[in-house]
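Reading the structure
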Amino acid sequence: MARPYSSINDDPDYGEEEYDGTSFHQDLNVMGYGDDNVEGGDQAGTWASGSGMPSDTKPRILLMGLRRSGKSSIQKVVFHKMSPNETLLLESTSKIEKNDISNSSFVQFQIWDSPGQIDYFDPAFDSEMIFGGCGALVFVIDAQDDYSEALNKLHMTVTNAHKVNPNIKFEVFIHKVDGLSDDHKIECQRDIQQQAMDELTVSDANVPAIHLSFYLTSIYDHSIFEAFSKVIQKLIPQLPTLENLLDIMISNSRIEKAFLVDVVSKIYVATDSSPVDMQTYELCSDMIDVVIDVSCIYGLKEESSGINAEYGGVLREKKERRKRSQKRPQQ
């Protein structure tokens, strides 16, 4: 089986040009497919067809969906510690935003936030380079909006991406369900899942089965963290070993449930084989928040703890956001 990961450009200035549709040549240069070198970073360079890729082999996660579906908010809340209320001020994504996530030994990947108006299967784009090295594709659907157009784009994206790379893990986030009742949430998930699978079955009967995973998510509770945890776990080759080690620890202790958690993002990269109880995971996440907030207030000696050294940037960013929100004039 071909490995699901591929090398990717580590240029931090990637995607600084806006996609206004005026120049496909400019778009391709931004994507790294042109002849001009991209500035910034030691591994800056081109991704022209036939050229060699950088040696980095981090898995790549693509965030896709229609405009205003909540893609950027998800990324900011999960990986940049932005409060959900602050995401209301975010502008619609007009360019590809590439983020390198290197929080721990197991949380090592790149996440690309893609504008909803871009068609990556247009002949002007090299879909092989975009999807060929993709580990997971997360498609976000706004559950509070009419999702017929989103389902059409989901079908087009999944079928074409699968042709390029059959190893991609396809994940569907049914997002913004915080405003729906429990019955409406279940009905919405059933409807979206049924329509998505029916379209794949009817229109692509001769194509091998494409598996889609569906999650109900919201940035106002822990559902988005649990969903992203499931996505990340599928990209960790050591997952069976980690689960086995946690099972051994559980069986030799009085611990009821064990999570291996990335402290920065609160994503759990592994857990023992017993079923996950959402309330238990929420309790663990809240305890992590308490520890980080207390260390942010009182501080820890740098030589006695690795928290400040490893997560200091996140803590400082969190404090700065709080200061800015306090200074923001009331409307």
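Residues numbered from 1 in each chain as written. Predicted model: local features only at pLDDT ≥ 70, side-chain atom pairs only at ≥ 80, totals over all residues. Heavy atoms only, no water.

1. As for the sheet that holds strand β4 (residues 134–142)
In space, the six strands of this open sheet follow the order β2-β3-β1-β4-β5-β6, with mixed pairing throughout. Only two strands of the sheet have a single partner each, and these edge strands are β2 (97–102) and β6 (212–216). With direction set aside, neighbouring strand axes in the sheet form an average angle of 20°. Note that strand β1 (residues 60–65) and strand β3 (residues 108–113) share four bridges and pair parallel. Pairing of Arg60 across the sheet is with Gln110, part of β3. Against the sheet, helix α2 (residues 71–79) makes contact with β1, β2, β3, β4 and β5 (169–175), and its axis sits at roughly 150° relative to β3, the strand it touches most. (Pairing = 2+ DSSP bridges. Helix = DSSP H or I, 4+ residues; strand = E, 2+ residues; numbered from the N terminus. Axes fitted to C-alpha atoms, helices over the stretch in contact; angles between N-to-C directions. Contact = heavy atoms within 4.5 Å.)

2. Details of a nonpolar patch on the surface
A contiguous nonpolar surface patch, about 460 Å² in accessible area, is contributed by Val290, Val294, Ile297 and Tyr298. With respect to the helices and strands, the residue Tyr298 is situated in helix α8 (residues 278–298). Given the relative accessible area of 69%, Tyr298 is considered exposed. (Patch = residues over 30% accessible without salt bridge, like charges linked within 9 Å, V, L, I, M, F, W, Y side chains within 5 Å. Areas by Shrake-Rupley, 256 points an atom, 1.4 Å probe, with all protein chains shown as cover. Salt bridge = Lys/Arg side-chain N within 4 Å of Asp/Glu carboxyl O. Buried < 20%, exposed > 50% of the residue type's maximum accessible area, 1.4 Å probe, protein only.)

3. What about the confidence of the model for the protein?
Overall, the prediction assigns the protein a mean pLDDT of 76, with 70% of residues at 70 or greater. The least confident element of the protein is helix α1 (residues 24–31), whose mean pLDDT is 38; the most confident is β5, at 96. The low-confidence segment residues 1–55 (pLDDT under 50) makes 126 contacts with residues lying over four places distant or belonging to another chain. Here residues 303–309 is modelled with pLDDT under 50, and outside its nearest four sequence neighbours on either side it reaches nine contacts, counting other chains as well. (pLDDT = per-residue confidence, 0-100.)

4. Focus: the pattern of salt bridges
This model, assessed by the stated rule, comprises five salt bridges. Notably, a salt bridge pairs Arg190 with Glu187, separated by 2.8 Å at the nearest N-O pair. Taken together, the residues span about one helical turn, with Arg190 and Glu187 both in helix α5 (residues 182–203) at a distance of three residues. Take Arg190: its relative accessible area is 47%, and that puts it in the partly exposed class.

5. Comments concerning the nonpolar core
Judged by nonpolar contacts, the single largest core of 35 residues is most densely connected at Ile61, Ile74, Phe79, Phe109, Ile111, Phe173 and Phe228. For this core, the secondary structure elements donating two or more residues are β1, α2, β3, β4, α6 (223–233), α7 (239–251) and β8 (267–271). For this core, the element with the most residues is α6, which contributes six residues. With near-sequence residues (within four places) excluded, Ile111 lies in contact with Ile61, Leu63, Gln75, Phe79, Glu97, Lys98, Asn99, Ile101 and Phe228. Listed in part, the 34 residues of the second largest apolar core include Leu137, Phe139, Ile168 and Leu212. (Core = buried A, V, L, I, M, F, W, Y, C linked by side-chain atoms within 4.5 Å.)

6. Re the pairing of β1
In the case of a regular strand, side chains alternate between the two sheet surfaces. Of all six residues in β1, six are buried; the element is thus mostly enclosed. Residues Arg60, Leu62 and Met64 of β1 are buried on one face, and the alternating residues Ile61, Leu63 and Gly65, pointing to the opposite face, are buried as well. Relative to β4, β1 is paired through six bridges, and the arrangement is parallel. Bridge assignment links Leu62 to a residue of β4, and that residue is Leu137.

7. Regarding the packing of aromatic side chains
This model, assessed by the stated rule, comprises eight aromatic pairs. When the ring of Phe121 is compared with that of Phe131, the centres are 5.0 Å apart and the planes differ by 5°; the resulting orientation is stacked. Pair noted here: Phe121 is in the loop between β3 and α3 (127–131) and Phe131 is in helix α3, with a separation of 10 residues, a long-range link. Judged by its relative accessible area of 0%, Phe131 is buried. Aromatic pair Phe259 and Tyr268: ring centres 5.1 Å apart, planes at 70°, arrangement edge-to-face. Tyr268 matches Phe259 in its accessibility class, with the two residues each being buried. Grouping aromatic residues by their ring pairs yields a cluster made of Phe79, Phe109, Phe173, Tyr215 and Phe228. (Phe/Tyr/Trp six-rings, centres within 6.5 Å; stacked < 30°, edge-to-face > 60°.)

8. So, helix α4 (residues 148–164)
Relative to the 24 Å expected for 17 residues at 1.5 Å per residue, α4 spans 25 Å between its end C-alpha atoms, a close match to the ideal helical length. Buried residues of α4: Ala150, Leu151, Lys153, Leu154, His155, Thr157, Val158, Thr159, Ala161 and His162, and no others. (Expected span 1.5 Å × (residues − 1).)

9. As for the environment of Val78
Within the element layout of this structure, Val78 appears in helix α2. For the pair formed by Val78 and Ile224, sequence separation is 146 residues and the distance between their alpha carbons is 7.7 Å. Once residues within four sequence positions are removed from consideration, Val78 is found in contact with Ile224, Phe225, Val264, Ser265 and Ile267.

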